[in-house]
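Here's the letter readout for the chains.
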Amino acid sequence: MDDEPPKPTKLKSKKEKERERKERQKQAKKEKAKKEKAASQNTSKASTPEASSPASPASPAPAAKSKRKGPPVAALRAMIEKQKAMEEERRRLEEEERKRIEEEERLIAEEERKKEEAKQLKKEKERLKKEKLKKEGKYLTKSQREAQQRNKLKLQQMLEQGVTIAAFEKKDGEKKKKVVYGKRKKNNKKGQNSQPESTEVSSKEESVKEEVNKDDDVKDSWEDFLDDEAEVVPIPAPKKEVKDSWDDESEEEEEEKEEEKKEEKKDEVKESWDDEDEDEDEEPKEVPQKKSKDTKKQEEAEDEEDEEDEEAKQKRKEESAQRRKKRMEDALQARSKNDLRSPICVVLGHVDTGKTKLLDKIRQTNVQDGEAGGITQQIGATYFPMESIKVKTARLNSDGFEYKVPGLLVIDTPGHESFTNLRSRGSSLCNIAVLVVDIMHGLEPQTIESIGLLRQRKTPFVVALNKIDRIYGWKAIPDAPIQETLAQQPKHVIQEFEERVQHTITAFAEQGLNAVLSYNNKNFSKYVALCPTSAHTGEGIPDLLRLLVKLTQERMANDLMYLSELECTVLEVKVIEGLGTTIDVILSNGKLHEGDRIVLCGLNGPIATNVRALLTPQPMRELRVKSAYVHHKEVKAALGVKIVAQDLEKAIAGSRLLVVQPGDDEDDLKEEVMSDLVNLQSAIDKSGKGVCVQASTLGSLEALLEFLRESKIPVSGINIGPVHKKDIIRASIMLESQPEYAQILAFDVKVDKDAQDLADEMGVKIFKADIIYHLFDQFTKYMEEITETRRRDQAPSAVFPCMLRIVPGCVFNKRNPIVIGVDVIEGQLRIGTPLCVVNAENQIVPIGKVIGIELNHKAKEVCKKGDPAVAIKIESPVYETPKMIGRHFFEKDTLYSRITRASIDILKSTFRNDLSREEWALVIQLKKILKVD
Ligand SMILES: Nc1nc2c(ncn2[C@@H]2O[C@H](COP(=O)(O)OP(=O)(O)OP(=O)(O)O)[C@@H](O)[C@H]2O)c(=O)[nH]1
């Protein structure tokens, strides 16, 4: 085969050549495509960074670029979106974290604030406690306390070593009793009566001496003030002294026990009246924890004794009450029309009518020449003896009028307060009142309120129609009787005067009272006397004074017969420098003596104390005398006097004051004085729901409660004195059950700053006013606002009852929204009312809510039974299958408002008065039809 000669080159045919050329071209094309592909991949890789920098200067030709950039832009967008989302998520998380930190910080701050508040409260409590202890002379400094502790320890050690001390041995047996009852008074008593019978007493004597020393201290400071009077002033804590004078020596021991019981009871009362005093009782609570058999037995025996004592005590109380009753009856019997006391007169009226000025004028005209006529300034009152009144009214006395009362006692503080405080068992101790009315203004709100109070207490009154001199053109004749001055006035003045009088008479008639000018009054029991006066010129004042005397002696002689039994009321409680807390009282009957043991109503329970001094102001001419007061051993009614005694801090103005007489049981008297306040508690609503009421005095509280009772405003709590935090807490109880009653009606009292802050924080409303009417107005306005808001809030959920009939042939649209003509056959149809029908299977089929009511193409809110037929539009809620007339219900079906239990409750609580009696009956009917429980 090798030898085979080379094949000669075969000449290719034309066809072959053509085929080869095509194959080459094909191959070249393939290679070109391959190259292009590789190149495009390279370009896309290279273009990514280029695209990310839009500012790239080497941008290719736009056409080529737009063609090639399609896929990279989408990716870019997705990436940016992703970045954005991540950014947002990061921000959200940061925001959440910030909020959480803020909330945490807020909670911490809140916690700290609360802690701080509690700390402050504790501090304040401690301060008060300290102050109290200081006052009582029981306060010990740290070093004293430490010394006491050391002594205690020493004593303990001595006892453990077997050293016996008679006094302590005895004390062991009575350990509990000593701690509970071993108070100063008892020690004092022992000390004062102790006979050197046994050595046991010796250590007690020590403590007694201490106590006496304490008392001496008090006496010293008292002496400073009283100067030479000191000797007649009894030493404080003379409970024993008073007792001594009444009780048999032989009864002493039993009495001692009684005394202890009383102390115990006093503590109990205290606890119940004031929680704040709890701390004071802490000491007695440190009773030994372990009870030995002996002590148990002893306790049982004590319990039995207690029961017996309780019975005996009850008996004594009853006997005492009987005795007092008998004494009163005797005193009433002994009264005589020949022995009248001075009537007590109070001035009332609206602000700025001239009450003070009128009082000043009455006093001043006579006081000018150094108390001529014997006018004496008393505490809270001015006494006008008859002689001075006679002088003052001389120009009227030509008719031979006979003056029988010894004088007139006019209370100095004009206004409601003194009037409401002059009270005794709901009636008034004030015999007559002057209601001052500004002739230029007529009856004003407070005048009307005063009339209400006077009626409530059944107190007779005359009207001083004051400021007559302000009538245009008035010619003043100083101090002239009214008719005398009127006779001198020009005609136009008389005309205006008469017009104004007539205007006032009409205003009184509107209050249901007949009034007439005093000099025309023929029947004082039927007509209120109008006495024109001027506090500036003194005109008409003689008439006013004479009228007061005339009315009192003629019409209330029975009330004015002097009564030997004491009648006395606290007008004001005042702190006087050098005297401490004192009470200004009006003695309307009987006598008071220095040293008397008195009982009165206190905020924390009854107060029993001894009169240290009875004071009245120095006579005017003696103003240069060092002491501002004159001391009295005895005072007789009627007059105003200041009483100085211990423990008067919590005395309540308006309280009655009783004197413990020989044979009286002090507990009985305490119960008696407290009964006034206890009776007021009956004003508290039984349901426990209502507003809290706070007033400055017993009298004003009583007046306010009466007013609230008449206005049908329920009361859930009462208190006297400024509004403190604890009052807010008490009122806040209502926030849970009836928030609209979480409020305090504060009448003429201050509100503590802390209390106000707490009230704002808790949402307790405080209404303050000095006029009852204003308080009432504020309250009603607030209640109206609340009702309106509630109505607005609850209106969408309230379903008013109605029954509808489709007017035949009036189906305008069969399905959502259904449009039909209806007649309201019962109740009232309102926009928003859900409707339903009861189908043949007795199933309730809801058909939607009324979204429009039209009458003659005019929109209406309500359509009531008896109104013309209306077109209504009913829409189905999205979550319900729309109902269709002819399929789910029919033209002849009755449509009902779809009431529920909840909607009925809303109607009851908020829309009660919007439904007629008939409509309420329909509610009951629908309840049955729609099977509402
Ligand atoms: N022209 C005239 N002014 C009088 C008369 N009485 C009182 N005023 C004036 O009326 C103003 C109020 O008098 P007050 O005596 O303070 O009235 P009030 O009723 O005691 O007032 P309150 O204590 O605020 O309730 C004073 O400016 C008096 O001068 C009067 O008879 N005539």
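Cut-offs applied
Residues numbered from 1 in each chain as written. Predicted model: local features only at pLDDT ≥ 70, side-chain atom pairs only at ≥ 80, totals over all residues. Heavy atoms only, no water. UniProt positions renumbered as here; feature names shortened; annotations may be inferred. Core = buried A, V, L, I, M, F, W, Y, C linked by side-chain atoms within 4.5 Å. Buried < 20%, exposed > 50% of the residue type's maximum accessible area, 1.4 Å probe, protein only. Helix = DSSP H or I, 4+ residues; strand = E, 2+ residues; numbered from the N terminus. Contact = heavy atoms within 4.5 Å. Axes fitted to C-alpha atoms, helices over the stretch in contact; angles between N-to-C directions. Parallel < 35°, antiparallel > 145°, perpendicular 65-115°, else oblique. Left-handed = near helix turned anticlockwise from the far one by under 90°. Pairing = 2+ DSSP bridges. Near = heavy atom within 4 Å. Polar contact = N/O pair within 3.5 Å; in protein donor to acceptor, adjacent residues only side chain to side chain. Areas by Shrake-Rupley, 256 points an atom, 1.4 Å probe, with all protein chains shown as cover. Nonpolar A, V, L, I, M, F, W, Y, C, P; charged D, E, K, R; others polar. Disulfide = S-S within 2.5 Å. Salt bridge = Lys/Arg side-chain N within 4 Å of Asp/Glu carboxyl O. Expected span 1.5 Å × (residues − 1). Arc of directions from axis to C-beta. Phe/Tyr/Trp six-rings, centres within 6.5 Å; stacked < 30°, edge-to-face > 60°. Lys NZ or Arg CZ within 6 Å of the ring centre and 35° of its normal.

As recorded in an unreviewed UniProt entry, the chain goes by the name Eukaryotic translation initiation factor 5B, listed as coming from Piromyces finnis. For the chain, the Sequence similarities (unreviewed entry) comment in UniProt is given as "Belongs to the TRAFAC class translation factor GTPase superfamily. Classic translation factor GTPase family. IF-2 subfamily."

Caption draft 1: Seen up close, the nonpolar core. Membership of the largest hydrophobic core comes to 95 residues, with the highest contact counts inside it found for L592, I643 and L657. The leading source of residues in this core is helix α21 (residues 698–710), at seven residues. Discounting residues that sit within four places of it in the chain, I643 has contacts with T582, I583, V585, L592, I598, V611, A613, L614, L648 and L657. Residues F401, V434, C531 and I541 belong to the second largest nonpolar core, which totals 33 residues.

Caption draft 2: Focus on the packing of helix α20 (residues 666–681) against α21. In the contact formed by α20 and α21, the axes pass within 11 Å of each other and the chain directions differ by 25 degrees. Classified by the angle between their axes, α20 and α21 sit roughly parallel to one another. Crossing of α20 against α21: the hand is left-handed. The segment α20 lies against α21, with D676, L677 and L680 engaging L698, L701, E702 and L705.

Caption draft 3: Summary view of the sheet that holds strand β20 (residues 657–659). The three strands lie next to each other as β15-β14-β20, forming an open sheet whose pairing is antiparallel. Only two strands of the sheet have a single partner each, and these edge strands are β15 (607–610) and β20. Within the sheet, the average angular offset between the axes of one strand and its neighbour, ignoring direction, is 25 degrees. Taken together, the three bridges between strand β14 (residues 597–600) and β20 define a ladder with antiparallel strand orientation. Bridging from a neighbouring strand, L600 pairs with L657 of β20. Where α20 meets the sheet, it contacts β14, β15 and β20, and its direction lies at approximately 35 degrees from that of β14.

Caption draft 4: Summary view of unusual backbone geometry. With an omega of -5 degrees, the peptide bond between A637 and A638 qualifies as cis. The peptide bond linking N816 to P817 adopts the cis configuration, its omega dihedral lying at -10 degrees. Assignment of secondary structure puts P817 in the loop between β25 (802–813) and β26 (818–830). Non-glycine residue K467 carries a positive phi angle of around 70 degrees. Mapped onto the secondary structure, K467 falls in the loop between β8 (461–466) and α16 (482–488). One non-glycine residue with positive phi stands out, namely H857, at about 65 degrees. Following the sequence through the fold, H857 ends up in the loop between β28 (844–855) and β29 (858–859). Judged by its relative accessible area of 75%, H857 falls in the exposed class.

Caption draft 5: Quick look at the site of the ligand. As a matter of local geometry, the ligand sits amid 15 residues, with K355, T356, K357, D469 and A535 nearest to it. A distance of 3.2 Å is found between a nitrogen atom of the ligand and a side-chain nitrogen or oxygen belonging to N466. A distance of 3.1 Å separates an oxygen atom of the ligand from a polar atom in the side chain of K467. When the free accessible area of the ligand is taken as 640 Å², the share hidden by the protein chains comes to 70%. Of the residues that constitute the shell around the ligand, the class distribution is two nonpolar, seven polar and six charged.

Caption draft 6: Examining the environment of D685 more closely. Relative to the helices and strands, D685 resides in the loop between α20 and β21 (691–695). When its relative accessible area of 31% is taken as the criterion, D685 is described as partly exposed. Between the alpha carbons of D685 and I713 there is a distance of 9.4 Å; along the sequence they are 28 residues apart. Looking at D685, its side chain comes within polar contact range of the side chain of S687, at 2.5 Å.

Caption draft 7: Seen up close, the state of the cysteines. For the structure shown, the criterion picks out zero disulfides. For the unlinked cysteine C802, the closest cysteine sulfur is that of C863, found at 9.2 Å.

Caption draft 8: Examining the pattern of salt bridges more closely. Counted by the stated rule, this structure contains 38 salt bridges. One salt bridge connects R106 with E103, and the closest N-O pair in it is separated by 3.0 Å. Of this pair, R106 and E103 are both found in helix α2 (residues 62–136), three residues apart, which corresponds to roughly one turn of the helix. By relative accessible area, which is 36% here, E103 ends up partly exposed. Here R113 makes a salt bridge to E761, at a shortest N to O gap of 3.6 Å.

Caption draft 9: Main features of the sheet that holds strand β23 (residues 743–747). Pairing is parallel in the open sheet, where four strands are placed in the order β22-β21-β23-β24. Each having just a single partner strand, β22 (715–720) and β24 (765–769) make up the two edges of the open sheet. The mean inter-strand angle of the sheet, taken between neighbouring strand axes irrespective of direction, is 20 degrees. Direction of pairing for β21 relative to β23: parallel, over a ladder of four bridges. Looking across to β23, one finds that Q694 is bridged to A746.

Caption draft 10: Structural context of α21. Over its 13 residues, α21 extends 18 Å from the first C-alpha to the last, a length consistent with the 18 Å expected when each residue adds 1.5 Å. The buried count for α21 comes to ten of 13 residues, which makes it a mostly enclosed element. Those residues of α21 lying buried are L698, G699, S700, L701, E702, A703, L704, L705, F707 and L708. Directly after α21, the chain includes K712, whose backbone phi takes a positive value near 60 degrees.

Caption draft 11: View of helix α24 (residues 753–762). Inspection of α24 places A755, L758 and A759 among the buried residues, and these make up the whole buried set. Projection of α24 onto a plane perpendicular to its axis shows the buried side chains occupying an angular sector of 100 degrees, all on one side. Away from the buried face of α24 by more than 90 degrees, exposed residues K753 and D760 are located. Next to the buried residues of α24 lie α22 (725–732) and β24. Backbone geometry just downstream of α24 places G763 in the positive-phi region, at approximately 85 degrees.

Caption draft 12: Spatial organisation of the pairing of strand β19 (residues 639–644). Most of β19 sits inside the fold, with six of its six residues counted as buried. Going residue by residue along β19, you find L639, V641 and I643 tucked away on one face and G640, K642 and V644 tucked away on the opposite face as well. Of the strand pairs in this sheet, strand β12 (residues 580–589) and β19 are connected by six bridges, and their pairing is antiparallel. Bridge assignment links I586 to a residue of β19, and that residue is G640. Here strand β16 (residues 613–617) pairs with β19 via three bridges, running antiparallel.

Caption draft 13: Seen up close, the packing of aromatic side chains. Using the criterion set out here, one finds three aromatic pairs in the structure. Ring geometry for F800 against F911: centres 5.8 Å apart, planes inclined by 75 degrees, an arrangement best described as edge-to-face. Residue F800 is found in the loop between α25 (772–794) and β25, and its partner F911 is found in the loop between α26 (901–910) and α27 (917–929); the two are separated by 111 residues along the sequence. The pair formed by F800 and F911 is uniform in burial state, with each residue classed as buried. Just above the ring of F800 sits the side chain of R830; from NZ or CZ to the centre is 3.9 Å.

Caption draft 14: Expanded view of the pairing of β26. Here β25 runs beside β26; their pairing, made up of seven bridges, is antiparallel. Bridge pairing links V811 to I820 in β26. In the sheet, β26 pairs with strand β31 (residues 870–875) via five bridges, with the strands oriented antiparallel. Across the sheet, residue V819 finds its bridge partner in β31, namely K873. As paired elements, β26 and strand β30 (residues 862–864) share three bridges and run antiparallel to each other. Bridging from a neighbouring strand, Q828 pairs with K864 of β30.

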